[in-house]
Amino acid sequence: MGVSYQIRTSRFITPISKTMALLAGLVALVVIPRAWGAEQGRLVLKVAVTDETGAAVPGAKIKLLNKASEETLQATSDEQGQFEFGAQLSTDYVVTVRARGFEEAAVPVHIDGSQPPPVRVVLEISETRERVNVTAEADSVPSANENPDAVQFDHNVLNDLPMKNGDPLGIPSLFVEPGVSGATGPRLIVDGVETDSVELPVTSIKQIDVNRSPYSAEFSRPGRGRLEVTTRRGNHHRYKGRISTLLRNSSIDARNAFAAVQPLRQRAISEAEVDGPLTRKLTFFLSARYDLNNESSVIDALTLEGPLSENVKAPLRNTHLFGRFDFRMNPSNKVTVYYKFKNKFGRNQGIRSFDLPERATNTFDHENEFKIIETMTLSGYSMNQLYMTLKQEREDTNAISRRTAIIVPGAFSAGGAQIEQHLRETGGNIQDFVGVTDGIHTLRFGGGARLKYLRAEDASNFGGTYTFSSLEDFANNRPLFFKLNEGDPRVSYNQEEYYTFLQDEIHVRKDLSISLGVRYERQVNVRNYRALAPRLALAYAPGGSHTVLRVGAGAFYERRPEIMARQSLLYNGWRIRQFVLEDPSYPPSPSQLSDLSLAISSLVRIAPNLHFPYLWQGSFAAEQKLGRGQNYLTVEFMGLRGVDLYRLHNINAPFPGTRFRPDPFFGNIDQFESLGTSRGYNVTVTYKGQIRRRLDFLSQYTLGRTADDASGYSSLPANNYDYRSEWGRSDFDRRHRLNVVGTYQLPRDFRLGGVVTWWSGLPFNITTGFDDNHDTVANDRPAGISRNAGKGPAYADVDMRFAKDFRLRPDGHTQVQLAIDTFNLFNHVILANYVGVLTSPFFGRANGAYPAREMQLSFRFNF
């Protein structure tokens, strides 16, 4: 856009006049266009959208946001992938581009007083969860597998929120439903592959999803029972990086409510990341994290000498490395190679409120993991993904003292921790997924294998443990029992798991889609496996409106934790012998120790009829899109039923009212069984919205209740001959849960992020402190009291983050961010660890508290 001018001279004009006229014309050429442009205040901003190969992407949704006026313009790219916007002078914009099958891209643009160059936006094909699209018209069809109440945190959102100690899973975990997480907690999935832990540098994480595709047959757990992590990949067009440091120090924190002296807490977490292109088809992403942690544990115990309040230093040193290489061999074939390294040292770990300092342990954890993912697009309607993983890990835990342990429940614990464990694991995964679209059908199927080869050495309790009922009994040298292990602590074993699945999403009509799926799992060392799990999901939008009704149901099977195999092999009566003496002398006499060789041994074994537990989940939800933009309100009712859950049962406990055992040649025979049950329901209201493009927030309130008759695969009942009294509130049951997460963009590049949580109290168990039924476990309850009858206090917390960005270059690529995080902003005392032992001097009150107000400073440099 411009104006042309002509300068004419006459032969009657003098030379001086000619010169003046020429100068005036030149001034007009320079000044008038600028003045005209300023008057108009608009230029042309051209946007070109391409994929990674340079091909144009037509039909992409382009949004231009004026950061000053918050005005938004929207358009669609033409056949050449281009579009033009009218823009203003001296204004900052953000260009956001979305296209089906590609990752969303956002590019900052700064316009000064001149015509800006064309903006090129390169879209990357979706990560390892790439889906085969149906048709371009599918945008108006409600998907049975894509629910808007799914919770997603991308790396930009995580950077604007208060992450304590830089833990990326801390905030997403708030939206996990404990009732569907399974025996070993929520499933962790990184780039499509299930793993035991994430432990990645925060800079390497692209996004974290919770409750995506709740009833997908591709996964073993429901949507609210898994965390899906996607890592970042290198930029195709330029080199970039980040350096960050996070600092904490107890000198600026409030004092812990149970500490007489402020405990030392120092933490420095440093991260670095660099990525970019190696060749036209190959990119790299490298990141590292070093965590220097000088934490302290707070002891609040009662000994014969009186109350004990002490702080114990518990230093940790953690190193994490991550590397990723993406090679696009051709437009239809891509290979990604990953490497992850972990090295963790810890001293004086594992001390709880009642533990004396000598109960600490030293820990070491080392891991190397390689992963390869090949993605092949066979055509516009089919795709194949192959995953291969190899991992080696070493875990060591050693007690700092080998002294005999002394346990006085609800008062103090002294002596060595009696933990001596060494675990070596070599394992791998292989899985292959195929996606095919044919008309109204989107078919996805595949299978995989998880293989683990383990070597374990467990010399725990080789020094023995005395248990007393009360502080008075300890003063009078009257222990309840003495336990000791001896023998060969080494064992090797394998764990092999296989699975396959098939799922078809059918777009029946414009307003209706149905997903049908089935999943089958098998574990080689489980004889009785019944693991055929059907799944169903339906989405219906009446009249094609902004209201969508969703119905889902499915079965989700649990696997057998590998620790069951380890304990049954170690404590089988001849490899490691477990001895239990009732009413022993204290201190131990020589005759008592010599009598151990004549004592009968206890066993741990797996029930011969053990099979996979499973969870039935059904839900009905109504979601409503509110106004313009991504604003959704969802109300969901969900019912849960757990069947054949894992629990531990002493099948050789003495007959009621006697000391006679069914098998007199053995002591306790603790057997892992799958006979537990659970029931639960909850109503969840989720609202995701944006207000004036500055405030983005997510709020979720859940009203629910969950009850069961087992606290986990290692929990023993109070009465091994009567499970009726075990039915009670689940250990994780909270009637009310409210979580609110939000970010607010303040003027002048200031940012505010916050997390608000309010939960009702957890239950706690009430016990007598005695062993009246002589099963050598002091978990007996008073008559008429069911499991988890006590009720703890509510939990309420507010965390805030205040940050400021300093742009060092107009393009926004080079900038510095300074931030301060405040946890427990109002320094509210949040009590924890309620004591339910009747013989304890702490009965009915807390023995600990969540941290008081803590401050965290962070620095980040992007280049």
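What you see is a predicted model; the values in this text were computed from it and never measured.

### With respect to the sheet that holds strand S6 (residues 105–111)
(1) Moving on: Across the sheet, which stays open at both edges, the 4 strands sit in the order S3-S2-S5-S6 with antiparallel pairing between neighbours. Of all the strands in the sheet, just strand S3 (72–76) and S6 have a single pairing partner and so form its edges. Neighbour-to-neighbour, the strand axes of the sheet open up by a mean angle of 20 degrees, direction not taken into account.
(2) Moving on: Judged from the 7 bridges that link them, strand S5 (residues 91–98) and S6 form a sheet pairing that is antiparallel.

### Description of the sheet that holds strand S10 (residues 193–195)
(1) Moving on: The 5 strands are arranged S8-S11-S12-S9-S10 in an open sheet whose pairing can be described as mixed. With one partner strand each, in any of the chains shown, strand S8 (151–154) and S10 form the two edges of the open sheet. Neighbour to neighbour, the strand axes of the sheet diverge by 25 degrees on average, direction disregarded.
(2) Moving on: Where strand S9 (residues 187–190) meets S10, 3 bridges bridge the pair, whose relative direction is antiparallel.

### Observations concerning unusual backbone geometry
(1) Moving on: Cis geometry is adopted by the peptide bond preceding Pro587, which originates at Tyr586 and carries an omega value of -5 degrees.
(2) Moving on: Notably, Asn461 is not glycine yet its phi reads approximately 60 degrees, a positive angle.
(3) Moving on: Take Asn461: it is sitting in the loop between strand S23 (441–458) and strand S24 (465–467).
(4) Moving on: In this structure, His774 takes a positive phi of about 60 degrees despite not being glycine.

### Brief notes about the side chain of Asn165
(1) Moving on: Looking at where Asn165 falls in the secondary structure, it is placed in the loop between helix H2 (155–159) and S9.
(2) Moving on: Accessibility expressed as a relative area gives 16% for Asn165, which makes it buried.
(3) Moving on: Discounting chain neighbours no more than four positions away, the residues touching Asn165 are Leu246, Arg248, Arg267, Ile269, Arg289 and Gln856.

### Some thoughts on empty space enclosed by the protein
(1) Moving on: Counted under the stated rule, the structure contains 12 cavities of 30 Å³ or more.
(2) Moving on: Put simply, the second largest cavity is a space of about 270 Å³.
(3) Moving on: Taken together, 21 residues make up the lining of the second largest cavity; nearest its centre are Asn159, Met163, Ser244, Leu246 and Ser858.

Calculation notes
- Every chain's residues receive numbers from 1 upward, in the order its sequence appears when written.
- Predicted model: local features are reported for residues with pLDDT of at least 70 only, side-chain atom pairs are reported and counted for 80 or more only, and whole-chain, interface and lining totals are derived from all residues.
- For side-chain calculations, the full set of non-hydrogen atoms in the structure is used, while hydrogens and water are omitted.
- When DSSP finds two or more bridges between a pair of strands, those strands are recorded as paired.
- What counts as a helix is a DSSP run of H or I of at least four residues, what counts as a strand is a run of E of at least two, and both are numbered from the N terminus.
- To get an axis, fit a line to the C-alpha atoms, keeping to the stretch in contact for a helix; angles then go from 0 to 180 degrees between the N-to-C directions.
- Three exposure classes are used, based on accessible area relative to the maximum for each residue type with a 1.4 Å probe and protein chains only: buried under 20%, partly exposed in between, and exposed over 50%.
- In what follows, a contact means two residues having at least one pair of non-hydrogen atoms within 4.5 Å.
- Here a cavity means grid points, on a 1 Å grid over the protein atoms only, where a 1.4 Å probe fits yet cannot get out; a pocket means an open set of points with protein on both sides within 12 Å along at least five of seven lines; lining residues are those with an atom within 4 Å of a point.
- Grid points are joined across faces, edges and corners, and a volume is the space filled by probe spheres set on the points.

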